[in-house]
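Coordinate analysis (summary)
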Amino acid sequence: MVPRAGGRSLGSSGPEAGGGLLLSRRAIQIYAFLFINTLIFVMRSQWIVSMPSSLDTSVSSRHDATPSKSDRNGGPEGMGELQMAFERAQREGTISGSKGRTPHDSLRRGKESSTNSRKLDKDGATSVVVGHEGQLGQQQQYHDAFSHFLPKDQEVLESIYARGRARIQKELQRRHNNLSSIEPFNPWGPVYIWDWFSPDYNCPTMERIGRVGDGGKWICGVDVLKEREKCVVYSYGVNKDLSFELELIGRTGCEVHGFDPTVGGVPPDCKGNEHITFHKQALGPVSGPSDVFMMMETLLDTMKRQGHTFLDVLKVDIEGSEWDTFKAMLPEKALPFGQLLIELHFRDVVEVFEFFENMDTHGFRIFMRETNHNPCAAGKLPIAVEFSLINPQAYFGGVPQPAAVQAIAARPNPLTYNGVVYVLSHKGNLGRLSTMLSTFEKNFNRHYHYPVVIFHEDFGPAEKKLLKGSVKEMRLQFRQVGFSVPAWLDKAKIPERTPCSPHSSTVGYRHMNRFLAFYAAEELSKEYEWQWRLDDDSLITEEVGYDVFRLMAENGKKYGFTNIVQDDAKCVLGLWNATREYVDREGLEPTFFTRWTEGAVFYNNFEVSHRSIWTSAAYRKFFDYIDKLGGIYYHRWGDAPIRSIGVSLFVNESEVHQFTDVAYTHLPFISRNASGLPSPGQTLFSRAGGSNHHGDCNGNSTLAGHGLGGVVGHVHGGNNGTCYSGRPSGVVYTVLNDEPGQLEKLLMTLKSLDLFFTDHFHYPVAIFAADLSFERRTTIRKATRSVVEFHDLSFLASQPLPGWVVEASVPAFVDCGFGDDSIGDRKRNRYMASTGVRKLAAQYDYLWRLAPGAVLTENVTSDPFATLASGGKSFGYLMTVTDDSKCVVGLQEATKEYVQREEVTPTFLDVLPPGAVFYDGFAIAHGSFWRSPEYQSYFQFLDEEGGIFYHRWTEANILTQALALFMPTEEIHRFSDVGFEHAPFVKQSTNRAVLKKQLDSVWKDRSIAATPAPELSALLAPRRFGFLGSDVATSFRLPSVAGYGAYMWLLGDTFLGTSDGSRREGMHSTISNALAFLPSGADLGVESGELLSPSDVTFFWGYDDQGLPTAPFERTAGQESGTVLWPVSGVSVEYGGMAKIVLFAQRVRKTHELAKFLGVADAMNFEVEGTSIIIVENPAATPSRWKYRVSDLPGTDASHNWFSAVAVEGGKEVVDREEDVVYMVGNVGTRGLGVYDDEASKNVLARISIKELLEEEWGRMEVLVEDGVWARTTEAEATRPERRKTIFSPANAETTLQYNMELRAWVTLAVDGVTAQLVLWTARELTGPWMSTVIHNIPAPFDDLTVYKCYAGKGHPELAEPAEPGQGVELVFSYVCNSPSDSSLLFEEGMGELYAPQFVRVRLGVAEKGRDAI
């Protein structure tokens, strides 16, 4: 492991420790207010003070409100009451020579106490004991006194407590007991809300355990628990910090139950700890699912379920839910716990008073109060405060109160669930079955003890004994099965293997499909109500945290799955068409089959279901139909698609649940880490799909300002950090009118969808039409691979006009535009602008309208629904057109009247040209826009105006006006990248050949030519052993003291393994970063004409204690598990005898650990967290002995970073002066994946002196906000990313900056991700203006953007041939291509160039004299 050097100490001071800030008068006033506000509260909340040597002070000074002198003194001589009690006990001989233990003996601090009140417990953790600071001998006497409290001494403590209560009552009486007069957080007022509840009860051995800061808790009398035969602690809201629980376990051995539905499980340092049990469950006022949590239970119900009648300690930190929870609990006659450690989050004055009054009634006394200062430090109110309360009799007695025991006993007995787990296996899989059972027992079944049925063909006594021995506590049942081909099938037509997946299409495999599709469930349903199917290589890799059958039952679910995948089309050949025919023949009304994508299947190697599905007559009849067709044997129709279709036919969508939170692995298809419980409100179609779309996870919409908040429905959870697990819910819809040829036009549209869209993205199609016969519906269904749903419009013909429309004034035909002119057309327009579109909007997130006859002309390479969702867009269009003015008579005037009447502030109505309309032959809108009250109110207004019938206001006209009223322009997206034609109106082409820009042959009067440099690409090509590929590939010069190379190359995720020279054979390890070094000397041979070879490159990575490769730079202790560093840019520092290396790194979090299971990382399995700075303190040492420190750059996150590139003032390679300024290129964009190629992204520029950078004075960093204007990052303008000047756009997440002396220009390279071209950017000054030149087409196959992504354009001046007079200039660049969605390509023959830097030499000819200006 690489050692780290610490950063500057907390106590740094002096002129270098911090710089001055130029503040306005208003800023000074604000800071002064916040400072005084925080200071007042902290002074009131001070709970550790220096103490004199008298005993009474040692008691009273443990509170955060310092008593007055008269309160501290127990009598006229100033002797404290507890001191007098102690002396009285000495006189009475109650403490001398006593050897027996009393209930309070645990309060003894012990002989190990020292004068500084710090001690080291048996686990090496340090605790602070607040107490007397006098001489040790005298202190020990006091300890003995405390450890033998008599009942009358307890009365002393109660009297002190009572005086505190009396003070509060006196102040309340002064206010006439008017709680409404209390201002909770008035910084100038006399009392904060928390001041009313001071810790007036004295605990002699109170101490704080757990980590410093948020997470640690104050507790009283820990040693009491150590002496008990059994102690139980419940901890609600563990989040990812169990430092309190771990220290408590280490000192007492208590049984700890941690509860938190928002996290996946306990942190890594707690896993395997037999004292901790994790529950993914919330604490609430009632038991059962809530609007927020699928698993919630009251404290008493949980205790009954766990068999507990008394909790020694109850810890509660549930972010505001504590009020309702305790309001429901406090009416009980007794509370079943001894201590309560709770964080209260202020909500209401009255409920705070009621809470403490009720706790007091129950015998609980406040002995500590601690403010959570995080809000204060941010200038906010101290709304979160930790309170520690104790019921002395209950806690020290350790015996539950009878009333509490009775209350628990009176609760209903927890329901039990008649469930079974089953798996089908055989001898050949015995090893992996044993592993599966072991992990299942460890992470789930040891808590619930469900029987496990193993169906098999060939297990004998030896195999059964082996399995039973591996899981001794598990109730295993073995059931042998035999298979045969059904008699009604023609065996001669059954192939040995089918074209579908030859490795898994044997006849034996098809036997298994048939058995699992129905017969296994049929047999188990005779005995069990619930079934959980797993494969023999299914791994539950982390603690589940709850009973899956209980979750299903309590939430009204019948079918549960973990993922949805797309089956091979050859494996389901004819299955969907057969189902459609069955639906039509039987007259079924499927629950969601018409919305279910063809070929999509529930990945049923993890499947939880209720027997009512499989035992129903409907499913049995459907299976018999499918079985008789023979597709299971003729084509290999699998059990997964058959059961999936059955669920989509007969199970309501609301009864289907996705287990996104369970850590589950089934290689090589799925590997998911544990996460928090999904929201109860999530539906199947908002979570379904096999891919992850990363975007704005906040779900924020600027429509909120217009009353339409939440239009874009982002969903948290899913695949570890992504916004929603799966694609958005979307539908393509079209409306047929009464004109001849509509069916033929529709078939053209569907054909183009299949050809250019459906093969990549599988979405349903909805068709609105009147009088479609069965034959026409069949024709339509056979014309497309999409699932088709029909909506009949026949009823419109007989529907009368609205009552407010004067029928005599409605013309039979309207002479305007094209079509839509009959009354029937206008009825259809009205219906689709209201009821029809809302009907779809109730089912789908996004609605894509295509006109009949409109066709796609090129491959749609990006899912348009995902494009909108990931970009936070609510409406997408192809173009705007101008409607016939005769068609929209009075519409604009009516809209303006509505604006005035409803006092609407339009978003862009004022700039909308008259008659302008979003072309509705291609338009996508979010469903919640159609459902919004604003749209419905506006439509109703227009409807009552009658213009739909009098003039032909269409759906498109109304939609356009509504968007101009309510939709912010930043939520509207133009699909300029879709090839589309709707003759004769619209034609748009984005063929890649058209997209590619013409290569420039001249640059500033210089000829320019770019050619691949395979001799350079070989430097970082895959090796036979070790290095197999990487990205980033940034190079820069090292300090002269570095004896191991002249230039260092930064490498990103690096693959290690073996290759045969033409293909990668095996991936043995993946590390998050690596280094490469080029040799020292003048080095690189370029001047002498020597060529570098791969043997000149030295790679470096570390090794751990087991000899496994590790990254040279790793996360620090303060960063979350799963966080890795990708160094992207760097610079060397060398002056005044000092040498350092400064690196700027992406700080990213891996969202799941595919590398651990597959040996290769999924290219999209990360989220950017921000920027980290790595400073190597001793670059003269060999890299294995580097000491470095890592710090996070403040203000950076997923969409704003400063790692893209770095340059030194003047274009120097190395910082060699203290005054040098370092320039940093940053990214501002809406995506959180380090990918900023969308239209809203940009690169921005910042600067900071090297001295300030090394001292991490980030407040002195300046950002370019406009030409010539720099602003500190702390200033208002600079803190707004949108106010930062654009250097170039779209942004390059990774690039370099180099200054070329011959060109007298700054140079950088961009990789155009849309055209697959290299673009040279140049500028005279770093601040711009920058100009671009297209220099190179990325060669095939990497220009296929549907498969590959190219990025990371970097410059390498050290590899360029030096300029000779009259010979022009050479530049050397590199880029990297990857296959984000198909990592298997890495292992194909001839793919050594994939995920390995590729180099290009760029030759610039001699410029005409005097014409080389930029």
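Reading guide: rules and limits
Residues numbered from 1 in each chain as written. Predicted model: local features only at pLDDT ≥ 70, side-chain atom pairs only at ≥ 80, totals over all residues. Heavy atoms only, no water. pLDDT = per-residue confidence, 0-100. Helix = DSSP H or I, 4+ residues; strand = E, 2+ residues; numbered from the N terminus. Contact = heavy atoms within 4.5 Å. Expected span 1.5 Å × (residues − 1). Buried < 20%, exposed > 50% of the residue type's maximum accessible area, 1.4 Å probe, protein only. Disulfide = S-S within 2.5 Å. Salt bridge = Lys/Arg side-chain N within 4 Å of Asp/Glu carboxyl O.

A few points about the confidence of the model for the protein
Chain-level statistics for the protein give a pLDDT mean of 79 and a share of 79% at 70 or above. The lowest-confidence element of the protein is helix 36 (residues 1154-1158), averaging 29 in pLDDT; the highest-confidence one is strand 17 (residues 530-534), averaging 97. A low-confidence stretch, residues 40-152 (pLDDT under 50), is modelled with 206 contacts involving residues beyond four sequence positions or located in other chains. Low confidence marks residues 687-726, where pLDDT is under 50. Its contacts with residues over four positions away, or in another chain, come to 122 contacts.

A word on helix 31 (residues 933-945)
For helix 31, with 13 residues, the first-to-last C-alpha span of 18 Å sits near the 18 Å given by 1.5 Å per residue. When we look at burial in helix 31, the residues that qualify are Glu-934, Tyr-935, Tyr-938, Phe-939, Phe-941, Leu-942 and Asp-943. The elements touched by buried residues of helix 31 are helix 27 (823-841), helix 29 (891-902), helix 30 (927-931), helix 32 (947-950) and helix 33 (955-966). Following helix 31 by one or two positions, Gly-946 has its phi on the positive side, about 85°.

Section: the state of the cysteines
Two cysteines joined by a covalent bond between their sulfur atoms form a disulfide. Under the defined criterion, the tally for this structure stands at four disulfides. Two residues, Cys-203 and Cys-220, share a disulfide whose sulfurs are 1.9 Å apart. Of note, the bridge from Cys-203 to Cys-220 carries an S-S torsion of about 90° and is right-handed in sense. One end of the pair, Cys-203, is in the loop between helix 6 (151-174) and strand 3 (206-209); the other, Cys-220, is in strand 4 (residues 217-220), and 17 residues separate them in sequence. Neither Cys-203 nor Cys-220 differs from the other in exposure class; each is buried. Between the sulfur atoms of Cys-1350 and its disulfide mate Cys-1377 the distance is 2.1 Å. The S-S bond linking Cys-1350 to Cys-1377 shows a torsion near 100°; that makes this disulfide right-handed. Of this pair, Cys-1350 sits in strand 63 (residues 1349-1355) while Cys-1377 sits in strand 64 (residues 1369-1378), placing them 27 residues apart in sequence. Relative accessible area serves as the criterion here: at 2%, Cys-1377 is assigned to the buried category.

Some remarks on the pattern of salt bridges
Here the structure, examined in full by the defined rule, presents 60 salt bridges. Notably, a salt bridge pairs Asp-627 with Arg-514, separated by 3.0 Å at the nearest N-O pair. In this pair, Asp-627 sits in helix 21 (residues 617-629) while Arg-514 sits in helix 17 (residues 507-525), placing the two residues 113 residues apart along the sequence. For the residue pair Asp-627 and Arg-514, the accessibility class agrees, reading buried in each case. Note that Glu-586 and Arg-585 form a salt bridge whose closest N and O atoms lie 3.1 Å from each other. Through salt bridges with shared partners, a single ionic network connects Glu-158, Arg-165, Asp-360 and Arg-365.

Some remarks on unusual backbone geometry
With omega at 5°, the peptide bond leading from Gly-1328 into Pro-1329 counts as cis. Here Pro-1329 shows up in the loop between strand 61 (1317-1323) and strand 62 (1331-1337). Here the residue pair Ala-1340 and Pro-1341 is connected by a cis peptide bond, since its omega of 5° sits within 30 degrees of zero. With respect to the helices and strands, the residue Pro-1341 is situated in the loop between strand 62 and strand 63. Residue His-449 is not a glycine yet carries a positive backbone phi of 55°. Relative to the helices and strands, His-449 resides in the loop between helix 15 (430-448) and strand 15 (452-456). Note on His-449: relative accessible area 43%, which makes it partly exposed.

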